[in-house]
Amino acid sequence: MARIECAVKDPRDGLYKKATVNITVGGATGKPASVRLEAAIPGYVGTKGNTNGVLGQMAVQALVMDDANQPTPSTSGNNVQVRILGGTAATGGARLVAGAQSGSVLQLPSVGGVATFSLLGGEEAGTLFLEMTADRFDNNVSNGIQDPISAIRAVQVLEALTGLPVVQSQDLGEVTKGTTFTALLSATGGLPPYVWSATGLPNGLSIDAGSGMISGVVAQDAAERDYNVTVTVTDKNKLSSSGTIKLKVVGGVPEDLAIGTCNPNQVCDIGVAPVGVNFTYSFVASVKDATWTFNELPSWLSGSVSGSAGVLNGKPKVANCGAHTFTVTAKKGSSSVTRLMRVRVVTGAVPAGGAAEDYTCP
Ligand SMILES: [Ca+2]
C-alpha cells in the first residue's frame, strides 16, 4: 500500500486544500499474464557465414508482464523459456545463445521482467518461429510449466539484402491442343536461384520448378478458352511473389488441317494448266483462321491469301511445260501441316492469230 497526498493553494482564499488517495502497488498478481519477444533492429538475421554482410546474429528481448502490464518480479529460478519451432527450412543450424546455454531451447531468468538472448541464423534462409513461454502458475519454468503463457514471433533469415523477386507477366499467345509447347518464364530481382510454381495451367502443361520452363502437350480434354495462370517465384531468401501468365488454348491437331483429301504420304495433284490460260486454285482448310504459305512455286505461279483461303494464280507459257511440285503449308496457332503439291503444264489451245509453237508442249 502507498498513500499519495496532494496539496494546492486556493488563490481565492489563500488556503491550502489537501486530498489523499491510497493505492496498491503492484496491485495485480505479480504472476505472468502476457509475454512478448522484441527483436533488435533491424529485425532480421543473416544465414550462417553469408558473404553478403547480413549480420548472422541478433539480440532478442523476452518480456514477462503481469496482470497490471508491469514487469513480473525477478525470481530465483528461470521464468522464461524460448525455443525455435521446427518445421521450416530455416531451422537447420539456427540456434539460441545466452551465457553458457546454446541450442534450440533456452530457459532463462528475467531481470526486471526482461530476459535477453541471441538468435543465430542457420544454413538456410527463410522464416524462423520463436516461441516464448512463461508459467503463470509459479513464474518458474524450470520445475515444469503448469499454466503456460505463450507468444510466437516470426523472424526472417536472409542470405542477402535484396528486394522481392518479380515475375515478368507475359502473354504466351495461342497454344494448340495436341502439339508440343514450351515457354521459358523469367524473373528479376530477389536472390537467385528461383523456385517456380504455377496454378491454373491447362491439362498437359507443367512448369519446371528449377528453370521456370512451361512445357508439355495440351490435352485434348482441356477447355478451349483463355487461361490466366498464377505463377509464383520464390528466391533463395524464401521471399516470393506472383504474376499472371496468359495463354489461350485452341483446338486443332495437324490432322484437322488436312488439305483436301490429300494424305501426307503422297504428292497431291491439283490438275493441269494449259499454256496461255489463266490458272487459279484455292486451298481451304477444315478449321477457321488458318494461314497459308507456299514454297518452291514455279516462276509462272504466285501464291496469295484471300480471306481464309490460300490462292494460286498464274498463266504458264510453253517454256513451263511439264510437272511442277511445290509445298503448301497451313498453320493455325502452333499447329501446322505441309503437303507436297503438283501441277502439270500442258498444251493449250492456239488462239486466233497465234503461233502453234507458242502453245504446244514438246
Ligand atoms: Ca512451474
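These notes cover the structure that comes with them.

Cut-offs used in this document
- Each chain carries its own residue numbering, running from 1 in the direction its sequence is written.
- Residues qualify for local features only when their pLDDT is at least 70, as the model is predicted, and side-chain atom pairs are given and counted only at 80 or more; totals for whole chains, interfaces and linings, by contrast, use all residues.
- No hydrogens and no water enter the side-chain calculation; it runs on all heavy atoms of the structure.
- Only DSSP runs of H or I reaching four residues or more are called helices, and only runs of E reaching two or more are called strands; each is numbered from the N terminus.
- Relative accessibility under 20% of the residue-type maximum defines a buried residue, over 50% an exposed one, and the middle range a partly exposed one, all with a 1.4 Å probe and only protein chains included.
- Contacts were defined at the residue level, with two residues in contact if any of their heavy atoms lie within 4.5 Å.
- When DSSP finds two or more bridges between a pair of strands, those strands are recorded as paired.
- Nitrogen, oxygen and sulfur within 2.8 Å of a metal are treated as its donors, or within 3.2 Å for sodium, potassium and calcium (Na, K, Ca); water is not counted, so a site can appear incomplete.

1. So, the side chain of asparagine 320
- Along the chain, asparagine 320 falls in the loop between strand E26 (309-314) and strand E27 (322-332).
- On the basis of relative accessibility, which here comes to 13%, the residue asparagine 320 falls in the buried class.
- When neighbours within four sequence positions are excluded, asparagine 320 is seen to be in contact with Ser299, Trp300 and Val345.

2. Overview of the pairing of strand E20 (residues 226-234)
- Pairing geometry for strand E17 (residues 195-199) and E20, over five bridges, is antiparallel. Opposite alanine 198, over in E20, you have valine 231 as the bridge partner.
- Two strands pair when backbone bridges link them, and E20 and strand E21 (residues 240-250) are joined in this way by nine bridges, in the antiparallel orientation. Across the sheet, threonine 230 pairs through a bridge with threonine 244, a residue of E21.

3. Observations concerning the coordination of the calcium ion
- Distances from the calcium ion to its protein donors, namely Asp135 (OD), Asp138 (OD), Asp138 (OD), Asn140 (O), Asn143 (OD1), Gly144 (O) and Gln146 (OE1), fall within the range 2.3 to 2.9 Å.
- Here the donor residues for the calcium ion map to a single chain with the spacing D-x2-D-x1-N-x2-N-G-x1-Q.
- What makes aspartate 138 partly exposed here is its relative accessible area of 29%.
- Classification of asparagine 143 as partly exposed rests on a relative accessible area of 43%.

4. Considering unusual backbone geometry
- Look at the link from isoleucine 41 to proline 42: it is a cis peptide, with omega at 10°.
- As for its placement among the helices and strands, proline 42 is situated in the loop between strand E3 (34-39) and strand E4 (44-46).
- Residue proline 193 is reached from proline 192 by a cis peptide bond, and omega for that bond is 5°.
- Notably, asparagine 139 is not glycine yet its phi reads approximately 55°, a positive angle.
- Note that asparagine 139 resides in the loop between strand E11 (126-135) and strand E12 (148-158).
- Phi at glutamate 296 takes a positive value of approximately 60°, unusual for a residue other than glycine.

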